[in-house]
Amino acid sequence: MVTALSKFRIENRYVKLPKHFYSHVQPTPLKEPRMVCFNDELAEEMGIDPSEKDHWTRVGAGQELLEGMEPIAMKYTGHQFGMYNPDLGDGRGLLMWESYGPDGRHWDWHLKGAGMTPYSRFGDGRAVLRSTLREYLCSEAMHYLGIPTTRALFMVSAKDPVMRESIETAAALMRVAQTHIRFGHFEYAAYHKGPEAVRTLLDHTIEMHFPELLELPQAERYLRWLEEVVSRTARMVAQWQAVGFCHGVMNSDNMSIAGDTFDYGPYAFLDDFDAGYICNHTDQGGRYAYNQQPQIGFINCQFLAQTLTNVMDEDDLRRGLRRYETVYNSRFQQLMKQKLGLEQESEQDMSLIMDLFGMLHEHHIDYTLFFRGLSTRHARGNAPVRDLFVDRSVADSWLARYDERLASETRSPEERDTAMRAVNPKYILRNYLAQEAIQDAQQGIYTTVHKLLDILKRPYDEQPENERYAALPPDWGKHMEISCSS
Ligand code: AMP
Ligand code: MG
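All values reported here derive from a predicted model rather than from experimental measurement.

*Asks:* Honestly, the overall build of the protein chain in this entry has me stumped. Any pointers?
*Replies:* The secondary structure content of the protein chain amounts to 16 helices and 13 strands. For a compact globule of 486 residues, the expected C-alpha radius of gyration is about 23 Å, and the protein chain comes in at 23 Å, within 12% of that figure. The principal-axis extent of the C-alpha atoms belonging to the protein chain is close to 65 × 55 × 45 Å. Across the 486 residues of the protein chain, 59% fall into the buried class. Here the analysis covers contacts within the protein chain between residues at least 6 apart in sequence; of these, 73% occur between residues at least 24 apart. Carbon together with sulfur atoms contributes 49% to the accessible area of the protein chain, which is approximately 19500 Å² in total. Separation between the mean location of the 53 positive side-chain charges and that of the 69 negative ones in the protein chain comes to 2 Å.

Here it is in structure tokens:
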């Protein structure tokens with residue numbers, strides 16, 4: 001089945017770690033699986049023969065293991081909504097094997113929804129079609145927006161009924177990523193096994209995923225590693241803020257040490273801008289609201305740094321953490337300036353940007369359409385922006401101020417618009433679009449999800465034939481409540 005056409009190499013390295021870091025678990029098979037989506041482009045990148053879909057369907061359903069697969073559930077812990085939970089771990093997903101693609105990149109294959117494990121607690125080990133599709137769609141959308149993320153290789157649905165608020169369809173996702181090591185893996189090592197375990201995990205992580213640091217002396221290597229993880233986290237969150245993405249469950253066990261967007265639950269892209277938007281119905285206190293994400297990213301880095309207190313110098317830990325604010329602020333400003341087409345430096349830029357957020361919030365303006373409208377001003381004038389406002393004079397006064405600032409720019413308006421359209425997406429995964437695709441998939445119709453995926457592959461292109469997918473959401477599709485249950 002790993003045929004001559006396959007161009008990948010298997011090398012399972014995580015299982016070489018001490019045994020307490022994981023448990024061997026066989027997948028529990030699902031019945032009568034169907035392939036819902038298979039990511040041909042990604043398969044090619046990874047060196048996988050995509051013509052073997054029947055085999056992959058059985059693998060996705062846990063009915064068949066390929067030679068070399070050594071499925072394990074990883075042990076981790078973590079802070080959930082600020083509270084430490086020692087009982088976490090892969091409760092429904094298994095690391096199946098690790099591959100290297102033709103370009104030398106390393107991929108963890110994680111089958112989410114593969115059945116119960118020693119870390120399932122009260123869960124059934126399953127994932128449902130609804131949430132599996134949401135993860136598939138969003139991780140691909142994020143990738144094509146240029147935001148670091150885990151990827152979706154394929155997903156199957158099956159006949160097995162799964163009990164949630166109602167009976168739902170079972171599904172499983174083959175999620176792939178450079179690594180599935182989370183901040184929570186370090187919390188487990190530090191709080192349950194001690195400094196030697198932390199060092200072992202850290203050395204493994206650096207060797208596998210940060211090999212460029214290997215030549216440095218140990219103390220410097222560890223410091224540079226922490227700085228790198230902190231910086232990647234800060235940059236990732238800055239990208240979320242700039243595109244209007246809410247993760248929804250930024251627990252430390254949902255933070256990847258590679259700086260990838262990880263574990264898609266009740267996420268949302270903002271429609272109408274609302275700084276305090278809470279996309280997770282269960283998050284009543286708004287801990288993970290849109291405007292809290294930058295701060296929470298930092299708190300998670302603190303959780304990570306705390307696990308290193310016995311293997312690193314305290315000053316180095318502080319130094320590593322200080323990276324967060326600097327990197328976040330500079331990346332966020334840079335992204336917002338790109339979104340506004342500003343190349344020159346001006347002291348007033350931050351206040352122009354903050355006032356813009358204030359205006360979008362106060363007048364409930366669609367975040368994506370606003371910036372896209374701003375990116376077509378040369379061709380279409382002010383109407384696409386003004387028409388988003390009930391009181392057009394509000395738009396006019398901000399635009400007048402913006403135009404004053406543009407006077408110190410040197411690019412031609414056409415050039416600026418083109419550059420702005422390359423950073424301000426026209427197509428994002430609005431919640432209602434995901435919902436339409438899910439409803440059809442639940443009826444066994446998968447064309448809707450395939451069409452949506454095609455559109456989301458080119459988020460910055462005009463795609464005039466797909467205008468409907470860029471429009472404001474219908475009333476039923478605004479502020480949909482998504483819970484953690486998945
Ligand atoms: P999540 O909210 O998906 O990030 O998961 C938090 C923890 O709960 C992790 O340890 C998961 O493996 C576990 N978990 C979530 N859903 C299930 C389930 N249906 N069965 C078993 N464990 C689960
Ligand atoms: Mg999780």
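Structure's up, so let's keep going.
*Asks:* Looking at this structure, I do not really get the packing of aromatic side chains. What am I missing?
*Replies:* Counted under the stated rule, the structure contains 31 aromatic pairs. Seen in terms of ring centroids, Phe245 and Phe269 are 5.3 Å apart; in terms of plane orientation they differ by 65°. Their pairing is edge-to-face. Taken together, the residues Phe245 in strand S12 (residues 245-246) and Phe269 in strand S13 (residues 268-269) connect sequence positions 24 residues apart. Here the two residues Phe245 and Phe269 agree in accessibility, since each one is buried. Relative to Tyr324, the ring of Phe298 lies with its centre 5.6 Å away and its plane at 55°, an arrangement referred to as tilted. Here Phe298, found in helix H7 (residues 293-306), pairs with Tyr324, found in helix H8 (residues 314-340); they are 26 residues apart in sequence, far enough to count as distant. The ring centre of Phe38 lies 4.7 Å from the NZ or CZ of Lys53, which sits over that ring. In this structure, Arg468 is placed above the aromatic ring of Tyr469, and the distance from its NZ or CZ to the ring centre is 4.5 Å.

*Asks:* Would you mind going over the site of ligand 1 with me for this structure?
*Replies:* If you check the shell around ligand 1, you find 16 residues, and the closest are Gly89, Gly91, Arg121, Asp124 and Gly125. The contact in question runs from a nitrogen atom of ligand 1 to an N or O atom on the side chain of Arg92, over 3.2 Å. The contact in question runs from a nitrogen atom of ligand 1 to an N or O atom on the side chain of Arg164, over 3.4 Å. For ligand 1, whose free accessible area comes to 480 Å², the fraction covered by protein is 81%. The cavity that encloses ligand 1 is the largest pocket.

*Asks:* When you look at the layout of surface pockets in this model, what are you seeing that I'm missing?
*Replies:* To find leftover empty space, one rolls a probe the size of a water molecule over the atoms. Approximately 950 Å³ is the volume attributed to the largest pocket. Considering the residues around the largest pocket, the lining is formed by 38 residues, among which Arg92, Arg121, Asp263, Cys484 and Ser486 are closest to the centre. Mapped by element, the contributors of at least two residues to the lining of the largest pocket are strand S8 (106-112), helix H3 (129-145) and strand S11 (167-177). Among the elements that line the lining of the largest pocket, the one with the most residues is H3, at three residues. Broken down by class, the residue content of the lining of the largest pocket amounts to eleven nonpolar, 15 polar and twelve charged. Estimated volume of the second largest pocket: approximately 370 Å³.

*Asks:* Would you take a moment to explain the packing of helix H9 (residues 349-362) against helix H13 (residues 392-406) for this structure?
*Replies:* To characterise two packed helices, one gives the angle between the axes of the helices and the distance between these axes. Remark: H9 packs on H13, axes separated minimally by 11 Å, with the N-to-C direction vectors making an angle of 165°. One finds that H9 runs roughly antiparallel with respect to H13. H13 is crossed by H9, and the crossing has left-handed handedness. Of the residues in H13, those in contact with Asp349, Ser351, Leu352, Asp355, Leu356 and Met359 of H9 are Val394, Trp398, Arg401, Tyr402 and Arg405. Across the contact of H9 with H13, the residue classes break down as six nonpolar, one polar and four charged.

*Asks:* Sorry, what's going on with the packing of H9 against helix H10 (residues 367-374) here?
*Replies:* As a packed pair, H9 and H10 sit with axes 11 Å apart at the nearest point and diverge in direction by 130°. If you check the angle between H9 and H10, you find them oblique. Here H9 runs over H10; the crossing is right-handed. Side by side, H9 and H10 meet where Leu356, Phe357, Met359 and Leu360 of the first sit next to Tyr367, Phe370 and Phe371 of the second.

About the cut-offs
Residues numbered from 1 in each chain as written. Chains lettered and ligands numbered in written order. Predicted model: local features only at pLDDT ≥ 70, side-chain atom pairs only at ≥ 80, totals over all residues. Heavy atoms only, no water. Helix = DSSP H or I, 4+ residues; strand = E, 2+ residues; numbered from the N terminus. Rg over C-alpha atoms; globule rule 2.2 N^0.38 Å. Buried < 20%, exposed > 50% of the residue type's maximum accessible area, 1.4 Å probe, protein only. Contact = heavy atoms within 4.5 Å. Areas by Shrake-Rupley, 256 points an atom, 1.4 Å probe, with all protein chains shown as cover. Lys, Arg positive; Asp, Glu negative; His and termini not counted. Charge placed at Lys NZ, Arg CZ, Asp CG, Glu CD. Phe/Tyr/Trp six-rings, centres within 6.5 Å; stacked < 30°, edge-to-face > 60°. Lys NZ or Arg CZ within 6 Å of the ring centre and 35° of its normal. Near = heavy atom within 4 Å. Polar contact = N/O pair within 3.5 Å; in protein donor to acceptor, adjacent residues only side chain to side chain. 1 Å grid on protein atoms, 1.4 Å probe; cavity = no way out; pocket = protein on both sides within 12 Å on 5 of 7 lines; lining within 4 Å. Sits in = over half its atoms within 2 Å of the grid points. Points joined across faces, edges and corners; volume = space filled by probe spheres on them. Nonpolar A, V, L, I, M, F, W, Y, C, P; charged D, E, K, R; others polar. Axes fitted to C-alpha atoms, helices over the stretch in contact; angles between N-to-C directions. Parallel < 35°, antiparallel > 145°, perpendicular 65-115°, else oblique. Left-handed = near helix turned anticlockwise from the far one by under 90°.

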